[in-house]
Amino acid sequence: MGVDADVNREKMDLFVKIGLDERTARNTLANAKVTASLTGVIREAGVVDGCEKIIGNLLYMVATKFPVSALKHRPTMLQYVVSSKIKNPTQLEAALSFLGTVGSESFNLNDFEEACGVGVNVSVEQIECAVVEVLNENKEDILEQRYRINVGNLCGQVRKKQPWADAKIVKHMIDDKLHELLGERTAADDEKPSRKKKEKTIKEQVVAINSSSAQSSEEELNPFTIFPQPEENMKVHTEIYFSNGSIWRPHNTKQKLERHLAVTGGKVFTRFPPEPNGYLHIGHAKALFVDFGLAKERDGCCYLRFDDTNPEAEKKEYIDHIEEIVQWMGWKPFKITYTSDYFQDLHDLAVELIRMGHAYVDHQLPEEIKEYREKKMNSPWRERPIEESLKLFDDMRKGKIDEGKATLRMKQDMQSDNYNMYDLIAYRIKFTPHPRAGDKWCIYPSYDYAHCIVDSLENITHSLCTLEFETRRASYYWLLEVLDLYHPYVWEYSRLNVTNTVMSKRKLNRLVTEKWVDGWDDPRLMTLAGLRRRGVTPTSINAFVRGIGITRSDNSLIRLDRLEYHIREEMNHTAARTMVVLHPLKVVITNMEGGTVLHLDAKLWPEAVADDASTSYKVPFTNVVYIERSDFRIKDSKDYYGLAPGKSVLLRYAFPIKCTEVIYGDDKEAILEIRAEYDPSKKSKPKGVLHWVAQPSPGTDPLKVEVRLFDKLFKSENPAEVDDWLADLNPLSKEVIPEAYAVPSLFSAVMGDKFQFERLGYFAVDPDSTAEKLVFNRTVTLRDSYIKAGSK
């Protein structure tokens, strides 16, 4: 023990001599790997007798971040550091990036010096000019957001203007200039901003379709050309700004990328990672298209990976639904995996994270963690000894600590300008059996911890997600960097938001559980199950998504009628025509003999050929027919083409009829039936054309079917912006017509069949149909309010 203590004291002295503070030196000693590396770097640099603090800090960065593949070049770089040719963290990060790319290969010193800014001196005056320029460019946002402005983003803009400026000077200067501009920080500046309603009108937010996109149709565009090839994945993914002024630029070293490519064969690997805690909606259709579509376009592979880290919210029902709906949407997973498949790997890496000093067990309660994060304060347990955290984490795993009494947190940067670097939780205790892992675990990883690691373990080449995850890039790559794991290429795209509906899983769950709708597959919902039940096909959904493109324009709404356009385009070519009367009004043809039945040809398709029996169907025509009640009125007018007393109309595929008499009920107001005469010669040519259904035989009612008409679920185009969003539900969003009249040929309709009810819209058979009664859902109306780009 005495010898070990002496050795540790010598190393402690060595670390302090190069300018490390005692706390950092002690933490270093607790990590044998970093201790050995730093000791070697100090000796290699020839500064065992000490050096300036700024040089010592750079040496510490070399010890902890130098790429293993380039160790033969470390002595060369150390000479640049001790001679102050490389004099700040920014230059050093660039040097590490350069050497990580070349690995053990030889390189040209001039290229190296140019890559890391050797000899470039950026004066304070030059930094100040760049800072002033950036602040002026962002002045409007700064005055609006005040001290809530993203300082890290401002620093990044300055860095683009002056790449080799000292990051610490840049940060201090920005802080000083902000103080000059805004004055003292107020209590309001520290308050969490309340959610404001967007000032833009919905009309301004809705994505406009302009004629400039008419150069090529939506179907012809290849949206995947924006993504790089797997072999290009050595570029810097993002810049992580730390409060101490240092900047990390995570990227794959040449050696790491080569190992990855050897496993994947250079193929694209993507993943669709839903949480099994609800049904998929149309926003997921975009994610499916992006993830599976890219893999398909590049002849690669796409995992269906269930993010099953929260056993309390997950159900087998949701897992089964997701698998089924993914296949229904036309996508075939390369492999179905679960985050729980990697629970042991994730645990082992968490232990390694603690050993390296990058994680600690915290006893703060959730509300305390929230308060400390808001105040950018370190947890009281942040600096607890590594061995203690290892022991406590093992106790968490063994169930020796009560739920809610401890978490494992990543030691990131509590003073960062990025909220997602505030020591995120990696593990929490939950005494809940897991649907797949059973009761093996009582600790479960968080999304922030597990997602990036599993992406790396599955060798994902392109980790694609929506824009709200963009601020998590820093924590995503921070974790992969400290664990020395392969880095996937991350790219964010805008969420798919559609007017007159909600996409939030929480809100969808409320609509279902509180019975505002008739289940997850209610045809009024934008769930994929609801759209399927309504009669929408995956082909039209994918065409809609493809037409929108994989954009990064945030906070935009896509009009519902744009989706309806694609549905209508497909059904116009696939849905056979037929006739159904929703609200029947009886018409007795007085000049036709009762008992006479004429079997007329009606077209299944508009372009039906007269002598082709497969393009038509037979409809009976008798002396009792039914028309829509709305197609008759007592008072005629020039702009009205329906039936009225003394007026003629054409019954489609049949004959002209003329109203001769109106039969009223006892109240002298309700119309019971119409008397009419027909023109068997068809010499009269009335303008109005009506659909109809006849009695198939004397005294026999036509086929009765139930028809369900659906309208927008919400009255507002953006119900998410309405204070009481449930009060915005459209009370007329569903109309059930229990006894509509249909032509006899519909009797044989089965699930999957789709029709155009002439003049009424496109309809599909509903699963509620029975042998006794068919039920039809209106998929979409005939009216098309969406004008495709370039058309008039």
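Residues numbered from 1 in each chain as written. Predicted model: local features only at pLDDT ≥ 70, side-chain atom pairs only at ≥ 80, totals over all residues. Heavy atoms only, no water.

Across its full length, the protein chain holds 25 helices and 27 strands. The C-alpha atoms of the protein chain give a radius of gyration of 35 Å, which is well past the 28 Å a tight globule of 792 residues would have. Across the 792 residues of the protein chain, 52% fall into the buried class. Entry remark: accessible area of the protein chain is about 37300 Å², with carbon and sulfur atoms responsible for 50%. If the 109 positive side-chain charges of the protein chain are averaged to one point and the 119 negative ones to another, these points end up 2 Å apart. (Helix = DSSP H or I, 4+ residues; strand = E, 2+ residues; numbered from the N terminus. Rg over C-alpha atoms; globule rule 2.2 N^0.38 Å. Buried < 20%, exposed > 50% of the residue type's maximum accessible area, 1.4 Å probe, protein only. Areas by Shrake-Rupley, 256 points an atom, 1.4 Å probe, with all protein chains shown as cover. Lys, Arg positive; Asp, Glu negative; His and termini not counted. Charge placed at Lys NZ, Arg CZ, Asp CG, Glu CD.)

The next subject is the state of the cysteines. The bond known as a disulfide is covalent and runs between the sulfur atoms of two cysteines. As enumerated under the stated definition, the model contains 0 disulfides in all. Free of any disulfide, C452 has its nearest cysteine sulfur in C465, 12 Å distant. (Disulfide = S-S within 2.5 Å.)

Turning to the packing of helix α17 (residues 343-355) against helix α20 (residues 447-457), a few remarks are in order. Packing of α17 against α20 brings their axes to within 11 Å, and their N-to-C directions diverge by 110°. One finds that α17 runs roughly perpendicular with respect to α20. For the pair α17 and α20, the sense of crossing is right-handed. The residues of α20 that touch α17, namely those facing D345, L346, L349, A350 and L353, are Y449, A450, I453, V454 and L457. Residues of the contact of α17 with α20, tallied by class, amount to 9 nonpolar, no polar and 1 charged. (Axes fitted to C-alpha atoms, helices over the stretch in contact; angles between N-to-C directions. Parallel < 35°, antiparallel > 145°, perpendicular 65-115°, else oblique. Left-handed = near helix turned anticlockwise from the far one by under 90°. Contact = heavy atoms within 4.5 Å. Nonpolar A, V, L, I, M, F, W, Y, C, P; charged D, E, K, R; others polar.)

If you walk through the whole model with that rule in mind, you get 52 salt bridges. With its nearest N and O atoms 3.0 Å apart, the salt bridge here joins R74 to E44. In this pair, R74 sits in helix α5 (residues 74-82) while E44 sits in helix α3 (residues 32-45), placing the two residues 30 residues apart along the sequence. Judged by relative accessible area, R74 falls into the buried class, the value being 12%. For E44, a relative accessible area of 33% puts it in the partly exposed group. In this structure, D521 and R533 form a salt bridge, with 3.3 Å as the shortest nitrogen-oxygen distance. Of the two residues, D521 sits in the loop between α22 (505-513) and α23 (528-534) while R533 sits in helix α23, which places them 12 residues apart along the sequence. According to the relative accessible area criterion, R533 is buried, its value standing at 15%. Several salt bridges converge on common partners, so that one network encompasses D521, R533, E706, R708, D766 and D768. (Salt bridge = Lys/Arg side-chain N within 4 Å of Asp/Glu carboxyl O.)

Shape descriptors only; they carry no functional weight alone.
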